[in-house]
Amino acid sequence: MAVDELQAIIQRCQILEEADFKGEDFNLFLVAGQKCLEDGYAAQLLEVIQNEKNKVIIKNMGWNLISPLVRCIFMYKQEDDKREYCLRILDQLAQLCNPKELFLGLLEQIEQTSGEQVCQTVMLLLQPLQTVLLKLQNKKAYSVGLSLAMIMNQLTPLPVPYTKQQIQEDKLGLCQCCNAVVDFAKPFVNEVVKNMEKSSEYNDMELKEELIKFCMKSLKYPLLTAQLEQLEGIEEHPFRHFATEIIDILWNIGELIPLVFVHHKGKSPHWENQEFADIEQKNSADSLACLSYLMFVQHFGIECFPVVFSPSYLLLCNMTHIEVLLKRTEESVLSKGLDLFESCLLRMEDNSLLHHYLEFRVFINVPQDLVKIMTLCPMEHMRKKSLNILQLFIDKFDTEGKYTLFRCLLKTSNHAGVEGYMIKNIKDQIHLALTKEHDNIWFTGHHLISLLDLVLSLPEGAETDLLQNSDRIMASLNLLRYLVIKDCESDNQTGVWTTLGKIEQNFIKPLRVGLNMSKAHYEAEIKNKKENRKEAHSSNTLCSVTVSGEKMPAMTTGMQLQVLHSALFTFDLIESVLARVEELIEVKTKAGMDES
């Protein structure tokens with residue numbers, strides 16, 4: 001019987017001194033103890049462990065039982081008495097075993113777990129692990145750090161619940177586990193706080209560093225990808241609670257405000273391998289970006305934040321974080337970047353952001369990232385939000401800043417729709433310049449002429465793909481029409497009349513030639529398709545067509561004809577506006593000559 005075998009080994013070891021225990025004794029104890037657990041004799045095993053005579057034996061050998069004990073706990077149902085005995089054994093081992101040996105045994109058990117049992121195992125072993133760590137005297141900070149790192153490494157591969165239903169179900173127990181890990185860390189936070197109040201001893205600084213590392217890892221996972229908005233029907237949102245606890249830890253150990261304004265203050269490990277150094281830096285950047293989001297969007301810990309900084313300075317501090325978030329493609333992370341950017345901009349008044357800020361590279365990078373989201377993101381609501389935020393960003397700059405930003409985005413966007421949008425903005429700024437009383441040197445005179453050189457031109461002259469560039473061309477024509485109507489030749493505030501010859505040469509004439517070529521080409525295509533359809537006696541023949549350099553999916557001849565007619569309609573629209581512009585120029589020029 002398993003219990004008899006265990007008693008025999010115990011009696012044999014009772015007469016030995018602690019130093020005389022051999023490897024064979026450890027193995028026999030493990031086998032007998034494991035057999036007791038598997039055969040359902042957990043109550044008898046508990047009696048053996050609680051017996052004062054066996055104290056030395058359990059101190060040295062008890063940690064070996066951790067692995068079979070965990071297996072048995074998961075084997076029994078929640079209401080089973082045997083499970084309760086196993087839990088009491090675990091508690092007794094935490095009290096009686098050699099702390100160093102048991103610490104390694106517990107960590108090994110956490111490391112070996114995987115899949116659906118990760119959270120269950122971690123939550124089961126957190127209490128005994130905390131008990132053991134509080135007993136350790138040497139290398140305590142290192143051991144706490146190793147424990148937290150091991151736990152977070154095991155949790156990180158698990159998917160983060162995102163929808164309301166997923167959070168409520170908490171299928172793998174991640175929500176519950178994360179908050180349990182914070183509770184596990186609290187005694188060590190309190191220890192650091194107490195020691196900070198007394199003095200700054202080296203060991204305490206080490207423990208503080210380990211807690212910072214834990215907070216940084218928690219910010220990257222799960223908080224960076226977690227849904228953190230208030231959800232109706234969830235009284236206490238587990239990830240919001242977890243975020244509050246992480247912010248509280250950073251505040252209590254005096255690191256919250258420094259981390260918001262500077263990169264990781266703690267000791268960065270020196271990596272000889274540059275790849276490892278880059279990974280460390282990226283992880284740190286993700287964590288700090290999430291921290292800024294928590295503070296400035298969700299307002300966690302905002303009551304601790306000093307209200308002495310200008311909105312433009314806060315934007316400057318957050319732009320690096322915004323850039324980090326906007327470069328990600330996951331909706332949960334990307335949306336945080338957009339929300340953080342919007343939150344910073346809404347604090348500012350229009351026209352208050354000085355153009356000097358554009359000297360910081362990040363102030364150019366971020367709008368370019370917005371353009372990529374606007375044009376490439378598969379999620380429509382994200383594209384729309386990016387466009388709104390880009391407009392908000394433009395509105396905050398002073399006149400010179402707007403001018404510089406327009407030039408930059410016209411040169412770099414490589415997207416006709418975005419270029420058309422920028423040209424519309426330029427038109428609005430010119431309108432303000434012409435209607436306001438005070439001078440605006442950036443959207444009148446020689447500065448504007450320089451900008452018009454960019455706007456009123458075709459990328460490839462007469463051979464430009466007019467269909468692909470139709471948004472830009474229509475915006476440019478509308479701008480030119482506005483300038484000719486609004487600015488009299490005698491006033492020439494915008495300088496458009498001075499540079500009219502250049503505009504005709506670089507824009508109007510090539511556009512007219514391009515329109516004639518494009519219309520002729522598409523009309524010939526339509527004629528060809530109609531003839532082919534008559535020959536085939538059917539409009540259901542499938543074939544492909546190329547529009548604007550892109551091969552479209554297989555279509556019937558009828559569908560192709562629709563596309564071709566749509567292209568012709570676009571050309572007619574461009575041509576009608578062009579004709580109106582040419583007419584206005586002719587009328588205004590003639591009127592000017594008559595006045596002379």
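Here is a short report on the structure shown in this document. Values in this document were obtained by computation on a predicted structure and should not be read as measured data.

## A short note on a nonpolar patch on the surface
Where nonpolar side chains cluster on the molecular surface, the patch consists of Val308, Phe309 and Tyr313 and spans about 280 Å² of accessible area. Tracing the backbone through its elements, the reader meets Phe309 in the loop between helix 15 (274-296) and helix 16 (311-326).

## Here's the deal with the nonpolar core
Formed by 184 residues in total, the largest nonpolar core has its most connected members in Leu155, Phe214, Leu294, Phe341, Phe363 and Leu511. Setting aside chain neighbours within four positions, we find Leu511 in contact with Leu458, Leu466, Ile473, Leu477, Ile574 and Leu578.

## Here we look at the pattern of salt bridges
For the structure shown, the criterion picks out 24 salt bridges. With its nearest N and O atoms 3.9 Å apart, the salt bridge here joins Lys327 to Glu323. On the basis of relative accessibility, which here comes to 15%, the residue Glu323 falls in the buried class. Two residues, Glu380 and Lys384, come together in a salt bridge whose shortest N-O distance is 3.2 Å. One end of the pair, Glu380, and the other, Lys384, are both in helix 19 (residues 380-396), four residues apart, so they sit about a helical turn from each other. Exposure remark for Glu380: the relative accessible area of 45% places this residue in the partly exposed category. Three or more residues are tied together by salt bridges with common partners; here these are Arg512, Lys519, Asp572, Glu575 and Glu582.

## With respect to the packing of aromatic side chains
A complete count under the given rule lists 13 aromatic pairs for this structure. Ring plane angle 85 degrees and centroid distance 5.3 Å describe the contact between Phe296 and Phe305, whose orientation is recorded as edge-to-face. Arranged with centres 5.5 Å apart and planes meeting at 45 degrees, the rings of Tyr357 and Phe363 form a pair that is tilted. One aromatic cluster is present, formed by Phe341, Tyr357, Phe360, Phe363, Phe393 and Phe397 through successive ring pairs. A cation over a ring is seen here: Lys336 above Tyr293, with NZ or CZ 5.5 Å from the ring centre.

Quick notes on the rules
Residues numbered from 1 in each chain as written. Predicted model: local features only at pLDDT ≥ 70, side-chain atom pairs only at ≥ 80, totals over all residues. Heavy atoms only, no water. Patch = residues over 30% accessible without salt bridge, like charges linked within 9 Å, V, L, I, M, F, W, Y side chains within 5 Å. Areas by Shrake-Rupley, 256 points an atom, 1.4 Å probe, with all protein chains shown as cover. Salt bridge = Lys/Arg side-chain N within 4 Å of Asp/Glu carboxyl O. Helix = DSSP H or I, 4+ residues; strand = E, 2+ residues; numbered from the N terminus. Core = buried A, V, L, I, M, F, W, Y, C linked by side-chain atoms within 4.5 Å. Buried < 20%, exposed > 50% of the residue type's maximum accessible area, 1.4 Å probe, protein only. Contact = heavy atoms within 4.5 Å. Phe/Tyr/Trp six-rings, centres within 6.5 Å; stacked < 30°, edge-to-face > 60°. Lys NZ or Arg CZ within 6 Å of the ring centre and 35° of its normal.

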